[in-house]
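Tertiary structure, described
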Amino acid sequence: VLNTLMLKAYRYTVRLMYDEASLGEADSNSELLEYLQDYDNSYFIGPESDPGWKESVLAQKPHLFSLGRDPEQEVYTARVLTLQSEVVHVGLLNHEAVAAVWTDLAWELLYLTNDDEERYSIQAHPTLLRN
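This report concerns the structure included in the present document.

Cut-off values and rules
Residues numbered from 1 in each chain as written. Predicted model: local features only at pLDDT ≥ 70, side-chain atom pairs only at ≥ 80, totals over all residues. Heavy atoms only, no water. Helix = DSSP H or I, 4+ residues; strand = E, 2+ residues; numbered from the N terminus. Buried < 20%, exposed > 50% of the residue type's maximum accessible area, 1.4 Å probe, protein only. Contact = heavy atoms within 4.5 Å. Areas by Shrake-Rupley, 256 points an atom, 1.4 Å probe, with all protein chains shown as cover. Pairing = 2+ DSSP bridges. Axes fitted to C-alpha atoms, helices over the stretch in contact; angles between N-to-C directions. 1 Å grid on protein atoms, 1.4 Å probe; cavity = no way out; pocket = protein on both sides within 12 Å on 5 of 7 lines; lining within 4 Å. Points joined across faces, edges and corners; volume = space filled by probe spheres on them. Nonpolar A, V, L, I, M, F, W, Y, C, P; charged D, E, K, R; others polar. Phe/Tyr/Trp six-rings, centres within 6.5 Å; stacked < 30°, edge-to-face > 60°. Lys NZ or Arg CZ within 6 Å of the ring centre and 35° of its normal.

All right, on to the overall build of the protein then. Counting secondary structure elements, the protein contains four helices and three strands. Listed N to C, the secondary structure of the protein is α-α-β-α-β-β-α in terms of helices and strands. Looking at the 131 residues of the protein, the share that counts as buried comes to 19%. Long-range pairs, those at least 24 residues apart, make up 22% of the contacts in the protein between residues at least 6 apart in sequence. In the form shown here, the protein has an accessible surface area of approximately 10900 Å², with 56% of it arising from carbon and sulfur atoms.

Printed below as a string of structure tokens:
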């Protein structure tokens, strides 16, 4: 239990240093307490390999923060992920394109079939090599 508490304190300290470097120092104890409560409620602070990272993603925690080390470049990196809604356009089916595909399919089935009674299919046609 003590090890877990010390690890959490260390992670919060690293995150607090990161925030103070980017946002400025906390002016009062109440502001510092507000930061720490925000970390408890809205953040997962830890490595990406930690099982808590996956749990936090599934629980849709608003913020994920991790530190890492790139051994090749010998630098430390910070990753901050924020949950947000994003409108994504997946695709659009044009009516004419769909009609063209169906027309092509009908043309192949009607005109490119062979007369082989055993296997009545365009795949069996030797010149088309559909297999």
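Taken in spatial order, the three strands line up as S1-S2-S3 in an open sheet, and their pairing is mixed. The sheet terminates laterally at strand S1 (43-45) and strand S3 (75-82), the two strands that pair on one side only. Mean inter-strand twist for the sheet, computed between neighbouring axes without regard to direction, equals 20°. Alignment of S1 against strand S2 (residues 63-70), held across three bridges, turns out to be parallel.

Estimated volume of the largest pocket: approximately 210 Å³. Thr4, Leu7, Lys8, Arg11, Tyr12, Tyr39, Asp40, Tyr43, Phe44, Ile45, Ser56 and Lys61 are the residues that line the largest pocket. Going through the elements one at a time, helix H1 (2-23), helix H2 (29-42) and S1 are the ones with two or more residues in the lining of the largest pocket. In terms of residue count, H1 provides more of the lining of the largest pocket than any other element does, five residues in total. Within the lining of the largest pocket, the residues separate by chemical class into six nonpolar, two polar and four charged.

A few words now on the side chain of Arg11. Locating Arg11 in the fold gives a position in helix H1. On the basis of relative accessibility, which here comes to 18%, the residue Arg11 falls in the buried class. Beyond its immediate stretch of four places on either side in the chain, Arg11 contacts Ile45, Gly46, Pro47 and Asp50.

Attention shifts here to the packing of aromatic side chains. What the rule picks out here adds up to four aromatic pairs. Geometrically, the ring pair formed by Tyr12 and Tyr39 is edge-to-face, given 5.6 Å between the ring centres and 75° between the ring planes. You can see Tyr12 sitting in helix H1 and its partner Tyr39 sitting in helix H2, a full 27 residues away along the chain. A centroid spacing of 5.4 Å and a plane angle of 85° characterise the contact between Tyr39 and Tyr43, whose relative ring orientation is edge-to-face. Residue classification places Tyr43 among the buried residues on the basis of a relative accessible area of 11%. Feature note: the residues Tyr12, Tyr39 and Tyr43 constitute an aromatic cluster, connected by ring pairs. Positioned above the aromatic ring of Phe65, the side-chain terminus of Arg15 is 4.7 Å from the ring centre. A cation over an aromatic ring shows up here: Arg69 above the ring of Tyr76, its NZ or CZ 6.0 Å from the ring centre.

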